[in-house]
Amino acid sequence: MTHPLLDLAPLSAARFAEIEDRVARLLDTRQDVVIMQGEALLPLEGAIRGTAGPGTTALNVITGPYGQTFGNWLRDCGATVIDLAVPFHTAVTAEQIAEAFEEHPEIDFVSLVHAEAATGNTNPVAEIGEVVRRRGALFYLDAVASVGAEPVLPDAWGVDLCVIGAQKAMGGPAGVSAVSVSSRAWERMAANPGAPRRSYLSLLDWKERWIDGGRRVLLHAPAQLEMLALEACVERIEADGLETVMGRHRGAAAAVRAGVRALGGGLEPYVYADGAAAPVATTVRTPGDVNAAELVTRALELDPTAPLAAGGGALAKEMIRVNHYGPDATREVVRRCLTALGAGLAEKGAVVDGEGALRAAEEAWR
């Protein structure tokens, strides 16, 4: 008995390299792109441990939970870490980055999350990249949530380590991820005695045994199904056009924000400014008398497939995430989410305008 997911010919090194090249084209980068065989936390941690050490002074920007994680990794490596934290309902600015450099000119590493799906904000990477480039620091960017929802341009923005994952806006698998690496980042790793070697976290292993070897022999057996799924999702983006895919995410975000404002019942966008709101997912603030987790539970009882979730940790009582990414970046999904939330609020006695919310969402889609 055969099975289409099991009885596959081995994935060749040439096919693996071709998929890397397609990911590089998606990012419009000439940097080396390494596809790593695990979820995006693998290259996120590997890139930090490869480039940071006791001699590193890192500016770690915190606009959500992942920024906090990066700071912990940097400290584990022995780096001196300067945290720049901003309220989760806002974005960091290039001016704040410049001020940090003025106060700490010794900064030689900057870590930043492009879009925080968990908090719904997005940061102005192009402007921040100009500041970082002038100062000569290494620029590390988590673009896992943003890629496919908004532009991600490592070369144009001066990003030295740009990590992406396919499981959100790209609509692909979670089991593989990628990082683009500049020549400066490779040099920093090669000079770092603490960089992982002969390790699953090691980017240098990929550089020396895969890239420098002409991409002819893989380090280990690839995650075949996940690699084929990544190839398929990139093909779908290429067929639709990246601008079209990003346009769907922009439309969904604008529609949810407009619909929430029109719905009433005390709901409002969690990220105040439209320009700071991420297109990959929209976060919603509930009024003080409404527990967000309870409202999400009821909304999912009414529509079990709606991509709704309560905020994480302490935000579970006050924040709802509408995860309109990948295949869920559609008008129909937005309508269903607004309808389910409106119905849940109405059951609690709130006055809501469901029809008005749907009209506002439709008008805002662009």
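Up top you'll find the structure we're talking about.
Values in this document were obtained by computation on a predicted structure and should not be read as measured data.

## Looking at the overall build of the protein
Turning to step 1, where the next piece is worked out: Scanning the protein from terminus to terminus reveals 13 helices and 13 strands.
Turning to step 2, where the next piece is worked out: For the protein, whose C-alpha radius of gyration is 21 Å, the value lies close to the compact-globule estimate of 21 Å for 366 residues.
Turning to step 3, where the next piece is worked out: Here the C-alpha coordinates of the protein stretch approximately 65 × 65 × 30 Å along the principal axes.
Turning to step 4, where the next piece is worked out: Taken over 366 residues, the protein has a buried fraction of 56%.

## Quick word on the pattern of salt bridges
Turning to step 1, where the next piece is worked out: The full count for this structure, using the stated rule, is 25 salt bridges.
Turning to step 2, where the next piece is worked out: A salt bridge links Glu301 to Arg298; the shortest N-O distance between them is 2.9 Å. With Glu301 and Arg298 both in helix α11 (residues 292-302) and three residues apart, this pair spans about one turn of that helix.
Turning to step 3, where the next piece is worked out: Two residues, Arg331 and Glu362, come together in a salt bridge whose shortest N-O distance is 3.1 Å.

## Observations concerning the nonpolar core
Turning to step 1, where the next piece is worked out: In terms of nonpolar packing, the biggest core is built from 83 residues, with Ile97, Met170 and Leu230 touching the most fellow members.
Turning to step 2, where the next piece is worked out: Broken down by element, the residue count for this core peaks at seven residues, all from helix α1 (residues 13-26).
Turning to step 3, where the next piece is worked out: Discounting chain neighbours no more than four positions away, the residues touching Leu230 are Ile19, Val23, Ile35, Ala166, Met170, Pro173 and Val176.
Turning to step 4, where the next piece is worked out: With 26 residues, the next largest nonpolar core counts Ala252, Val256, Ala299 and Ala361 among its residues.

## With respect to the packing of helix α12 (residues 331-347) against helix α13 (residues 354-364)
Turning to step 1, where the next piece is worked out: At a closest axis distance of 10 Å, the pairing of α12 and α13 adopts a crossing angle of 155°. Relative to α13, the element α12 lies roughly antiparallel. Crossing hand, α12 versus α13: right-handed. Contacts between α12 and α13 involve Arg331, Val334, Arg335, Leu338 and Thr339 on the former and, on the latter, Ala357, Leu358, Ala361 and Glu362.
Turning to step 2, where the next piece is worked out: Of the residues belonging to the contact of α12 with α13, the class tally is five nonpolar, one polar and three charged.

## A look at the side chain of Ser180
Turning to step 1, where the next piece is worked out: With respect to the helices, strands and loops of the structure, Ser180 is situated in strand β9 (residues 177-181).
Turning to step 2, where the next piece is worked out: Not counting residues up to four positions away in its chain, the partners in contact with Ser180 are Leu27, Thr29, Gln31, Asp32, Val33, Pro154, Asp160, Leu161 and Cys162.

## Considering a nonpolar patch on the surface
Turning to step 1, where the next piece is worked out: A cluster of nonpolar side chains, contributed by Leu5, Leu6, Leu8 and Leu225, occupies part of the molecular surface with about 370 Å² of accessible area.
Turning to step 2, where the next piece is worked out: With respect to the helices and strands, Leu225 occurs in helix α9 (residues 224-240).
Turning to step 3, where the next piece is worked out: For Leu225, a relative accessible area of 39% puts it in the partly exposed group.

## Some remarks on the packing of aromatic side chains
In this description, an aromatic ring pair is defined by two values, namely the gap between the centres and the angle between the planes.
Turning to step 1, where the next piece is worked out: Applying the stated criterion across every chain, the model contains six aromatic pairs.
Turning to step 2, where the next piece is worked out: Between Phe70 and Tyr140, the aromatic rings sit 5.3 Å apart at their centres with planes inclined by 90°, giving edge-to-face as the arrangement. Note that Phe70 is positioned in helix α3 (residues 65-76) and Tyr140 in strand β7 (residues 138-142), a separation of 70 residues in sequence. Each member of the pair, Phe70 together with Tyr140, is buried.
Turning to step 3, where the next piece is worked out: Among the aromatic residues, those joined into a cluster by ring pairs are Phe70, Trp73, Phe109 and Tyr140.
Turning to step 4, where the next piece is worked out: The ring of Trp186 is capped by Lys207, whose NZ or CZ atom sits 5.8 Å from the centre of that ring.

## Remarks on helix α7 (residues 183-190)
Turning to step 1, where the next piece is worked out: Where α7 is concerned, the buried positions are Ala185, Trp186 and Met189. Buried residues along α7 cover an arc of 100° about the axis, so they all sit on one side. Of the exposed residues in α7, the ones pointing more than 90 degrees away from its buried face are Ser183, Glu187 and Ala190.
Turning to step 2, where the next piece is worked out: The secondary structure elements touched by the buried residues of α7 are β1 (32-36), α2 (41-51), β7, β8 (161-165), β9 and α8 (203-211).

## Remarks on the sheet that holds β7
Turning to step 1, where the next piece is worked out: Pairing in this open sheet of seven strands is mixed, and the strands run β1-β9-β8-β7-β4-β2-β3 from one edge to the other. Each having just a single partner strand, β1 and β3 (80-85) make up the two edges of the open sheet. When the angles between neighbouring strand axes are averaged without regard to direction, this sheet yields 15°.
Turning to step 2, where the next piece is worked out: The sheet contact formed by β7 and β8 spans three bridges and is parallel. Bridging from a neighbouring strand, Asp142 pairs with Val163 of β8.
Turning to step 3, where the next piece is worked out: Across the sheet, α2 lies against β1, β4 (109-113), β7, β8 and β9, angled at about 165° from β7, the strand it touches most.

## Thoughts on the sheet that holds strand β10 (residues 268-269)
Turning to step 1, where the next piece is worked out: Reading across the sheet, the four strands line up as β10-β11-β13-β12 and stay open at both edges, with antiparallel pairing between neighbours. Edge positions in the sheet fall to β10 and β12 (308-310), since each of these pairs with one other strand and no more.
Turning to step 2, where the next piece is worked out: In the sheet, β12 pairs with strand β13 (residues 319-322) via three bridges, with the strands oriented antiparallel. Across the sheet, Leu308 pairs through a bridge with Val322, a residue of β13.

Analysis parameters
- Residues numbered from 1 in each chain as written.
- Predicted model: local features only at pLDDT ≥ 70, side-chain atom pairs only at ≥ 80, totals over all residues.
- Heavy atoms only, no water.
- Helix = DSSP H or I, 4+ residues; strand = E, 2+ residues; numbered from the N terminus.
- Rg over C-alpha atoms; globule rule 2.2 N^0.38 Å.
- Buried < 20%, exposed > 50% of the residue type's maximum accessible area, 1.4 Å probe, protein only.
- Salt bridge = Lys/Arg side-chain N within 4 Å of Asp/Glu carboxyl O.
- Core = buried A, V, L, I, M, F, W, Y, C linked by side-chain atoms within 4.5 Å.
- Contact = heavy atoms within 4.5 Å.
- Axes fitted to C-alpha atoms, helices over the stretch in contact; angles between N-to-C directions.
- Parallel < 35°, antiparallel > 145°, perpendicular 65-115°, else oblique.
- Left-handed = near helix turned anticlockwise from the far one by under 90°.
- Nonpolar A, V, L, I, M, F, W, Y, C, P; charged D, E, K, R; others polar.
- Patch = residues over 30% accessible without salt bridge, like charges linked within 9 Å, V, L, I, M, F, W, Y side chains within 5 Å.
- Areas by Shrake-Rupley, 256 points an atom, 1.4 Å probe, with all protein chains shown as cover.
- Phe/Tyr/Trp six-rings, centres within 6.5 Å; stacked < 30°, edge-to-face > 60°.
- Lys NZ or Arg CZ within 6 Å of the ring centre and 35° of its normal.
- Arc of directions from axis to C-beta.
- Pairing = 2+ DSSP bridges.

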